[in-house]
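Per-entry structural report
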Amino acid sequence: MTVELIEGMELRPVPGTDPALVALTTAQQAELAAMYGEDQPLVALHPDISFTLLLLDGVPVGCVGLQPVAPGVGEIKRMYVDPSARGWGLSRVLLNAVESQARATGLIRLRLETGTHQQAAIALYTNHGYTPIPPYPPFENETASLCYAKNL
(Lines give C-alpha, C1' and ligand atoms only; values in the text may rest on other atoms or scores of the structure.)
Protein backbone atom coordinates (compact mmCIF):
# COMPACT_ATOMS: atom_id res chain seq x y z
CA MET A 1 0.00 0.00 0.00
CA THR A 2 1.45 3.36 -0.98
CA VAL A 3 0.75 6.58 0.84
CA GLU A 4 0.60 9.92 -0.91
CA LEU A 5 3.29 12.21 0.45
CA ILE A 6 1.94 15.47 1.72
CA GLU A 7 3.78 18.69 0.98
CA GLY A 8 5.39 20.06 4.12
CA MET A 9 5.49 16.65 5.82
CA GLU A 10 8.60 15.68 7.78
CA LEU A 11 9.49 12.58 9.78
CA ARG A 12 12.08 13.36 12.45
CA PRO A 13 13.77 11.04 14.96
CA VAL A 14 13.51 12.53 18.45
CA PRO A 15 14.44 11.48 21.98
CA GLY A 16 11.73 10.43 24.40
CA THR A 17 12.18 13.72 26.25
CA ASP A 18 11.37 15.90 23.23
CA PRO A 19 8.69 18.38 24.39
CA ALA A 20 6.55 17.96 21.24
CA LEU A 21 6.68 14.18 21.62
CA VAL A 22 5.79 14.40 25.31
CA ALA A 23 2.81 16.65 24.46
CA LEU A 24 1.53 14.18 21.84
CA THR A 25 1.96 11.09 24.02
CA THR A 26 0.32 12.88 26.94
CA ALA A 27 -2.65 13.73 24.70
CA GLN A 28 -2.78 10.10 23.56
CA GLN A 29 -2.83 8.79 27.12
CA ALA A 30 -5.59 11.26 28.05
CA GLU A 31 -7.64 10.13 25.03
CA LEU A 32 -7.19 6.48 26.03
CA ALA A 33 -8.11 7.21 29.65
CA ALA A 34 -11.31 8.91 28.48
CA MET A 35 -12.10 5.90 26.29
CA TYR A 36 -11.20 3.05 28.66
CA GLY A 37 -11.05 4.57 32.14
CA GLU A 38 -8.15 5.52 34.34
CA ASP A 39 -7.36 1.98 35.54
CA GLN A 40 -5.48 0.85 32.43
CA PRO A 41 -2.05 -0.72 32.96
CA LEU A 42 0.79 1.79 32.92
CA VAL A 43 3.34 0.28 30.57
CA ALA A 44 6.95 1.24 31.11
CA LEU A 45 8.92 1.98 27.97
CA HIS A 46 12.22 0.25 27.28
CA PRO A 47 15.23 2.60 27.52
CA ASP A 48 16.23 1.69 23.94
CA ILE A 49 12.94 2.86 22.42
CA SER A 50 13.32 5.18 19.46
CA PHE A 51 10.68 7.75 18.55
CA THR A 52 9.71 9.40 15.31
CA LEU A 53 7.81 12.66 15.21
CA LEU A 54 5.59 13.56 12.25
CA LEU A 55 5.40 17.26 11.43
CA LEU A 56 3.26 19.13 8.92
CA ASP A 57 4.68 22.53 8.01
CA GLY A 58 6.77 22.36 11.18
CA VAL A 59 3.82 21.53 13.46
CA PRO A 60 4.04 18.21 15.34
CA VAL A 61 0.90 16.18 14.54
CA GLY A 62 1.88 12.56 15.12
CA CYS A 63 4.36 10.14 16.62
CA VAL A 64 5.36 6.51 16.85
CA GLY A 65 7.86 4.54 18.90
CA LEU A 66 9.80 1.39 18.12
CA GLN A 67 10.74 -0.65 21.18
CA PRO A 68 12.97 -3.74 21.08
CA VAL A 69 11.43 -6.60 23.05
CA ALA A 70 13.38 -9.74 22.05
CA PRO A 71 16.00 -10.70 19.47
CA GLY A 72 14.46 -9.88 16.08
CA VAL A 73 11.20 -8.61 17.62
CA GLY A 74 10.06 -5.05 18.12
CA GLU A 75 6.91 -3.46 19.47
CA ILE A 76 5.10 -0.43 18.11
CA LYS A 77 4.43 1.99 20.96
CA ARG A 78 2.65 5.32 21.38
CA MET A 79 1.46 5.62 17.78
CA TYR A 80 -0.74 8.68 17.68
CA VAL A 81 -2.09 11.29 15.30
CA ASP A 82 -3.56 14.48 16.73
CA PRO A 83 -7.34 14.64 16.13
CA SER A 84 -6.89 17.84 14.08
CA ALA A 85 -4.76 15.91 11.55
CA ARG A 86 -6.78 12.70 11.26
CA GLY A 87 -8.29 11.50 8.01
CA TRP A 88 -5.29 12.32 5.79
CA GLY A 89 -3.54 8.94 5.96
CA LEU A 90 -0.89 10.08 8.43
CA SER A 91 -1.25 6.93 10.51
CA ARG A 92 -0.25 4.95 7.41
CA VAL A 93 2.77 7.22 6.99
CA LEU A 94 3.79 6.52 10.61
CA LEU A 95 3.20 2.78 10.26
CA ASN A 96 5.24 2.58 7.05
CA ALA A 97 8.02 4.59 8.71
CA VAL A 98 8.21 2.37 11.80
CA GLU A 99 8.17 -0.78 9.67
CA SER A 100 11.03 0.58 7.51
CA GLN A 101 12.96 1.51 10.64
CA ALA A 102 12.39 -1.97 12.08
CA ARG A 103 13.67 -3.65 8.90
CA ALA A 104 16.72 -1.34 8.83
CA THR A 105 17.61 -2.36 12.39
CA GLY A 106 17.30 -6.07 11.65
CA LEU A 107 13.93 -6.75 13.22
CA ILE A 108 11.90 -9.45 11.51
CA ARG A 109 8.65 -9.21 13.50
CA LEU A 110 6.60 -6.37 14.95
CA ARG A 111 3.87 -6.62 17.53
CA LEU A 112 1.48 -4.11 19.06
CA GLU A 113 -1.43 -3.71 21.44
CA THR A 114 -4.52 -1.66 20.78
CA GLY A 115 -7.98 -1.52 22.30
CA THR A 116 -11.37 -2.91 21.42
CA HIS A 117 -12.85 0.61 21.05
CA GLN A 118 -10.21 1.77 18.56
CA GLN A 119 -11.85 0.61 15.34
CA ALA A 120 -9.76 2.88 13.08
CA ALA A 121 -6.55 1.46 14.58
CA ILE A 122 -7.78 -2.11 14.21
CA ALA A 123 -8.63 -1.46 10.55
CA LEU A 124 -5.25 0.19 9.94
CA TYR A 125 -3.30 -2.72 11.38
CA THR A 126 -5.32 -5.48 9.74
CA ASN A 127 -5.18 -3.70 6.37
CA HIS A 128 -1.38 -3.58 6.75
CA GLY A 129 -1.09 -7.34 7.32
CA TYR A 130 -1.09 -7.50 11.11
CA THR A 131 -2.87 -10.57 12.45
CA PRO A 132 -4.33 -11.20 15.91
CA ILE A 133 -2.07 -12.88 18.48
CA PRO A 134 -2.73 -13.85 22.10
CA PRO A 135 -2.35 -10.92 24.51
CA TYR A 136 1.17 -10.66 25.91
CA PRO A 137 2.24 -9.23 29.29
CA PRO A 138 1.08 -6.93 30.71
CA PHE A 139 -2.10 -7.16 28.61
CA GLU A 140 -2.98 -10.85 29.11
CA ASN A 141 -5.75 -10.05 31.62
CA GLU A 142 -7.02 -6.86 29.99
CA THR A 143 -10.38 -7.57 28.37
CA ALA A 144 -10.20 -4.40 26.27
CA SER A 145 -6.76 -5.26 24.82
CA LEU A 146 -6.21 -6.68 21.35
CA CYS A 147 -2.72 -7.71 20.25
CA TYR A 148 -1.44 -8.07 16.69
CA ALA A 149 1.82 -9.03 15.00
CA LYS A 150 3.35 -9.00 11.54
CA ASN A 151 6.39 -10.73 10.11
CA LEU A 152 8.39 -8.23 8.15
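We now turn to the structure provided with this report.

What counts as what
Residues numbered from 1 in each chain as written. Predicted model: local features only at pLDDT ≥ 70, side-chain atom pairs only at ≥ 80, totals over all residues. Heavy atoms only, no water. Helix = DSSP H or I, 4+ residues; strand = E, 2+ residues; numbered from the N terminus. Buried < 20%, exposed > 50% of the residue type's maximum accessible area, 1.4 Å probe, protein only. Contact = heavy atoms within 4.5 Å. Expected span 1.5 Å × (residues − 1). Phe/Tyr/Trp six-rings, centres within 6.5 Å; stacked < 30°, edge-to-face > 60°. Salt bridge = Lys/Arg side-chain N within 4 Å of Asp/Glu carboxyl O. Pairing = 2+ DSSP bridges. Right-handed = clockwise from strand over helix to strand, strands pointing away.

1. Section: the side chain of Glu99
The residue Glu99 is located in helix 2 (residues 90–104) in this model. Given a relative accessible area of 4%, Glu99 falls into the buried group. Among all residues touching Glu99, those that are not within four sequence positions of it are Leu110, His128, Tyr130, Lys150 and Leu152.

2. Focus: helix 2
With 15 residues, helix 2 extends 21 Å between its outermost C-alpha atoms, agreeing within 8% with the 21 Å of an ideal straight helix rising 1.5 Å per residue. Looking only at helix 2, the buried set comprises Leu90, Val93, Leu94, Leu95, Ala97, Val98, Glu99 and Ala102. Where helix 2 terminates, the next one or two residues include Gly106, which has phi positive at roughly 90 degrees.

3. What to know about the packing of aromatic side chains
If you walk through the whole model with that rule in mind, you get 2 aromatic pairs. Ring centres of Tyr125 and Tyr130 lie 5.9 Å apart, and the angle between their planes is 65 degrees; this geometry places the pair in the edge-to-face category. Of the two residues, Tyr125 and Tyr130, neither departs from the other in class, the shared state being buried. Consider the rings of Tyr136 and Phe139, whose centres lie 5.7 Å apart with planes at 85 degrees: the pair is edge-to-face. The pair Tyr136 / Phe139 is uniform in exposure class, with both members buried.

4. What to know about the pattern of salt bridges
Side chains carrying opposite charge are able to pair once their charged atoms draw close together. The full count for this structure, using the stated rule, is 6 salt bridges. The salt bridge involving Arg111 is made with Glu75; its shortest N-O contact spans 3.2 Å. Here Arg111, found in strand 5 (residues 109–115), pairs with Glu75, found in strand 4 (residues 73–81); they are 36 residues apart in sequence, far enough to count as distant. Taken together, the shared-partner salt bridges connect Glu75, Lys77 and Arg111 into one network.

5. So, the pairing of strand 5
Pairing between strand 4 and strand 5: 3 bridges, direction parallel. Bridge pairing in strand 5 places Glu75 opposite Arg111. Crossover strand 4 to strand 5 through helix 2 is right-handed. Across 7 bridges, strand 5 lies against strand 7 (residues 145–151) in antiparallel orientation. Looking at strand 7, one finds that Arg109 is bridged to Asn151.

6. A few points about unusual backbone geometry
The phi torsion of most residues other than glycine is negative, and most of the peptide bonds are trans. A cis amide bond, omega 10 degrees, links Pro137 with the succeeding residue Pro138. Structurally, the position occupied by Pro138 is in the loop between strand 6 (131–133) and strand 7. In this structure, Asp57 is a non-glycine residue whose phi angle is positive, near 50 degrees. Structurally, Asp57 is set in the loop between strand 2 (50–56) and strand 3 (59–70).

By themselves, these figures tell us nothing about what the structure is for.
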